[in-house]
Each structure stands twice: as structure tokens, then as C-alpha cells.
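Here is what each chain is made of, one letter per residue.
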Amino acid sequence: MSNIQIESDLKEILNKLDSKLDNLQSDVSDLRQQDIPTINVKLENLSTRMSQVEKTVDKVSTNEETIQKDVSDLKGAKSLIIPIVVAVTTSILTLVIRAIPIS
């Protein structure tokens with residue numbers, strides 16, 4: 001095996017590494033400062049959209065309740081049709097029978 005010789009000073013290498021870490025930390029800090037306002041704006045937009053969705057859901061819920069009530073009213077009116085037809089028919093038959101002279 002061959003021996004490898006390093007002729008660089010360890011202090012110099014550590015200083016370079018430290019400098020690179022500082023630059024990396026600076027880049028991360030800059031990135032955070034740039035992204036935080038963007039994230040806040042996106043959160044506000046999301047909050048606004050959620051409010052609109054909640055309003056829409058409330059409207060749909062109200063319309064659903066109204067439709068259910070109207071359908072139940074129609075079912076009630078439907079059940080009254082047969083008694084009304086029977087009453088009208090009975091009245092007409094009564095009038096016809098009374099109109100016939102009995103001799």
C-alpha cells in the first residue's frame with residue numbers, strides 16, 4: 001500500500017468549512033425571510049376560500065331543508081287528492097239523483 005500525504009493545514013481546512021457553514025446558514029435565513037410572507041399570503045387566501053366554501057355549504061344546507069319541507073308538503077297535498085275526488089263525486093251524484101224525478 002502506498003501512503004498518502006496531505007500537505008494542507010488542518011486549521012485552513014476548518015476555516016473553509018466554517019465559512020461554508022456560515023454561508024449556508026445565511027442562505028437558509030434569507031430563504032426563510034423570503035418564504036414566510038409568501039406563506040402568510042397563501043394562508044390568508046386559503047382562509048378566505050374556506051370562508052366562501054362555508055357560506056356555500058350553509059346555502060346548500062338551507063336549500064336542502066327548504067326542498068325537504070316542500071316535498072313533504074307535496075306529499076301531504078297528494079294524500080288529500082283522493083278524499084277531494086270522492087267528495088266531489090259524491091256531491092255530483094247526489095245532485096244528479098235529486099234531479100231525477102221520482103214518479
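The preceding data block contains the structure.
Think of each chain on its own: its residues are numbered from 1, step by step along the sequence as written. The model is predicted, so local features are restricted to residues of pLDDT at least 70 and side-chain atom pairs to those at 80 or more, both for listing and for counting; the totals for chains, interfaces and linings are taken over all residues. Water and hydrogen atoms play no part in the side-chain values, which are based on all heavy atoms of the structure.

Regarding the pattern of salt bridges
Note that side chains of opposite charge can pair when their charged atoms are close.
Piece 1. A pairing counts as a salt bridge when a side-chain nitrogen of Lys or Arg comes within 4 Å of a carboxyl oxygen of Asp or Glu. The full count for this structure, using the stated rule, is one salt bridge.
Piece 2. The residue Lys16 makes a salt bridge to Glu12 at a minimum N-O spacing of 4.0 Å. Remark: Glu12 and Lys16 occur in helix H1 (residues 10-99); sequence separation between them is four residues, near one turn of the helix.
Piece 3. Burial here depends on accessible area, computed with a 1.4 Å probe over protein chains only, as a share of the maximum for the residue type. Under 20% is buried, over 50% is exposed, and the range in between is partly exposed. When its relative accessible area of 52% is taken as the criterion, Lys16 is described as exposed.
Piece 4. For Glu12, a relative accessible area of 44% corresponds to the partly exposed category. Counting from the N terminus, the helices are the DSSP runs of H or I reaching at least four residues and the strands are the DSSP runs of E reaching at least two.

Details of the environment of Ala77
Piece 1. By the element assignment, Ala77 lies in helix H1.
Piece 2. Residues Ala77 and Val41, 36 residues apart in the sequence, show an inter-C-alpha distance of 54 Å.

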